[in-house]
Amino acid sequence: MRHRRLSAAARALAVGLLALALVGCGQLPRPFKPEIKTGNELLILPDRTGVAVGSVTGDLPDGQAMAEAMAEALRRENVPAAVGVGNRQVHWLLGAAEVTGRAQARVTRRIVWELYDPQGDPVTTVTRSVSLPPADWTAPEPLRRAADGAAAAIAAALQGPAPDTAGLPGYPEGTEIAIGEVTGRPLALARALTGAMAAQLRQRGLPLTDRAGPGDVVLSGRVLTEQMASASGQRLRVTWTVRRQGEQEPLGGLNQANAVPQAQLDAPDRLARTIVGAAVPGVLQVLREAGP
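A brief structural summary.

What counts as what
- Residues numbered from 1 in each chain as written.
- Predicted model: local features only at pLDDT ≥ 70, side-chain atom pairs only at ≥ 80, totals over all residues.
- Heavy atoms only, no water.
- Helix = DSSP H or I, 4+ residues; strand = E, 2+ residues; numbered from the N terminus.
- Contact = heavy atoms within 4.5 Å.
- Areas by Shrake-Rupley, 256 points an atom, 1.4 Å probe, with all protein chains shown as cover.
- Salt bridge = Lys/Arg side-chain N within 4 Å of Asp/Glu carboxyl O.
- Buried < 20%, exposed > 50% of the residue type's maximum accessible area, 1.4 Å probe, protein only.
- Axes fitted to C-alpha atoms, helices over the stretch in contact; angles between N-to-C directions.
- Parallel < 35°, antiparallel > 145°, perpendicular 65-115°, else oblique.
- Left-handed = near helix turned anticlockwise from the far one by under 90°.
- Nonpolar A, V, L, I, M, F, W, Y, C, P; charged D, E, K, R; others polar.
- Polar contact = N/O pair within 3.5 Å; in protein donor to acceptor, adjacent residues only side chain to side chain.
- Phe/Tyr/Trp six-rings, centres within 6.5 Å; stacked < 30°, edge-to-face > 60°.
- Lys NZ or Arg CZ within 6 Å of the ring centre and 35° of its normal.
- Pairing = 2+ DSSP bridges.
- Right-handed = clockwise from strand over helix to strand, strands pointing away.

### Considering the overall build of the chain
Phase 1: Check the secondary structure of the chain and you find six helices and eleven strands.
Phase 2: Contacts spanning at least 24 positions in sequence make up 66% of the contacts within the chain whose residues lie at least 6 apart.
Phase 3: Surface exposure of the chain reaches about 15,300 Å², of which carbon and sulfur atoms provide 51%.

Put into C-alpha cells, the structure is as follows:
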C-alpha cells in the first residue's frame, strides 16, 4: 500500500469529532487525578499524544469493530488510543484489509496498518495476515487477539526502543524495582493494578525485575473498598508502599481515595490505568526523595 498524507480536511474533521466525544466522556474526580509537576523527564510519556484509529477499509465485514479491537490492543500496550477521535497532536492509524485465502472454513485477510504523525507524514507500516472462521471476523474477542501483534509493533514505533541499560536515578548501579502483588478486592482490579503499574514504570525506562535482590526497591499495593450509601458504586482506597528488599521500614508511600461508580468498577483494566497514571508521579517522588 502506497503511503499517503492526511488532508487538512481530515485533520479538521478529527478535531471536531474530539469535541463531540469529550462532552459525554466521564472522568474520575480529583483524588485519583492529582496535579503533575513538570520538569522531571521520568514523568513524560513518549506516546502522550495518543493515537486515533480510523475504521478499517477494504474487504472486511465490520471495519469499525476491527478499529475498536486495535484501539483496545494499543491501550494494552500503554498507548492512549480511541476510534475516530483526535486533536492536532494525535497520530492517526489507518487500516485496509483484503482477503488472501479461503480454506478449511477459515478466511485469511491481510491487514495493512499505516501510522501517520500529527502533520500527516507516514511513520511506519505494519502488515499482518490473520486467519479466522467467518463468524469470528465480527466477534470482539477474536478481533482483539488478531490486533495484538500489530499493536505491539505500532507501539514500539511510537515509544522507541527500551533502553538496554536502564538505571534507577540516585540509586547504586544495578538497583532494580520489583512490583509486588497488589492485594485486596475487587480481585480483578487488584490484578489489573499490578500489571498497569509495571507497564507504566517500564514505559518510563525504569529497570524492573521479577524477583527483588538485596538492595532492590519493592513497590507493593493494597485495595480497600466500602459500599456507598447510594449503592451505585463503592468508595475505593488504594495504598502504595515503597521499601528496600529485606527492610521492614518503608521508604515512603502514597494513598489514593475516591468514590467510583459501578460502571467504572466493571471495567477494571481501564480503571487501573487511570489510578496508576495518577499514582506514578507520587511513586517517583518517593523514590527521588528516598534515594541514598
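Read on for the rest.
### Things to note about the pattern of salt bridges
Pairing between side chains of opposite charge can happen when their charged atoms approach one another.
Phase 1: Under the definition given, this model contains seven salt bridges.
Phase 2: As a salt-bridge pair, R144 and E72 come within 3.5 Å of each other at their nearest N and O atoms. Taken together, the residues span a long stretch of sequence, with R144 in helix α3 (residues 140-159) and E72 in helix α2 (residues 63-76) at a distance of 72 residues.
Phase 3: Across the pair E98 and R110 runs a salt bridge whose closest N-O atoms are separated by 2.2 Å. You can see E98 sitting in strand β4 (residues 91-103) and its partner R110 sitting in strand β5 (residues 106-116), a full twelve residues away along the chain.

### Details of unusual backbone geometry
Phase 1: Cis rather than trans, the peptide bond between R185 and P186 has omega equal to 10°.
Phase 2: Positionally, P186 belongs in the loop between β7 (177-184) and α4 (187-203).
Phase 3: The backbone phi angle of N78 is positive, close to 70°, even though this residue is not glycine.
Phase 4: Looking at the secondary structure, you find N78 in the loop between α2 and β3 (81-83).
Phase 5: The backbone of Q104 sits at a positive phi, close to 55°, despite the residue not being glycine.
Phase 6: The exposure class of Q104 is exposed, given its relative accessible area of 76%.

### Here's the deal with the packing of α2 against α3
Helices that pack against each other are described as a pair by the angle of their axes relative to one another and the distance between those axes.
Phase 1: Close contact between α2 and α3 brings their axes to 8 Å; oriented N to C, the two are set at 55°. Considering their axes alone, α2 and α3 lie oblique with respect to each other. The crossing of α2 and α3 is right-handed. Contact with α2, carried on its side by A65, M66, A69, M70, E72, A73, L74 and R76, involves L143, R144, A147, D148, A150, A151, I154 and A155 of α3 and no other residues of that element.
Phase 2: Here the contact of α2 with α3 is composed, by residue class, of twelve nonpolar, no polar and four charged.

### Comments concerning the side chain of E114
Phase 1: The residue E114 is located in strand β5 in this model.
Phase 2: Among the polar contacts made by the side chain of E114, one reaches the side chain of Y116 at a distance of 2.9 Å.

### Considerations on the packing of aromatic side chains
Phase 1: What the rule picks out here adds up to zero aromatic pairs.
Phase 2: Above the plane of the ring of W137 lies R109, whose end atom (NZ or CZ) is 4.8 Å from the centre.

### A few points about the pairing of β7
Phase 1: In terms of strand pairing, β7 meets strand β8 (residues 208-209) through two bridges, oriented parallel. Looking across to β8, one finds that A178 is bridged to T209.
Phase 2: Running through α4, the crossover from β7 to the neighbouring parallel element β8 is right-handed.
Phase 3: Judged from the six bridges that link them, β7 and strand β9 (residues 217-227) form a sheet pairing that is parallel. Each residue of the ladder has a partner; that of I179, found in β9, is L219.

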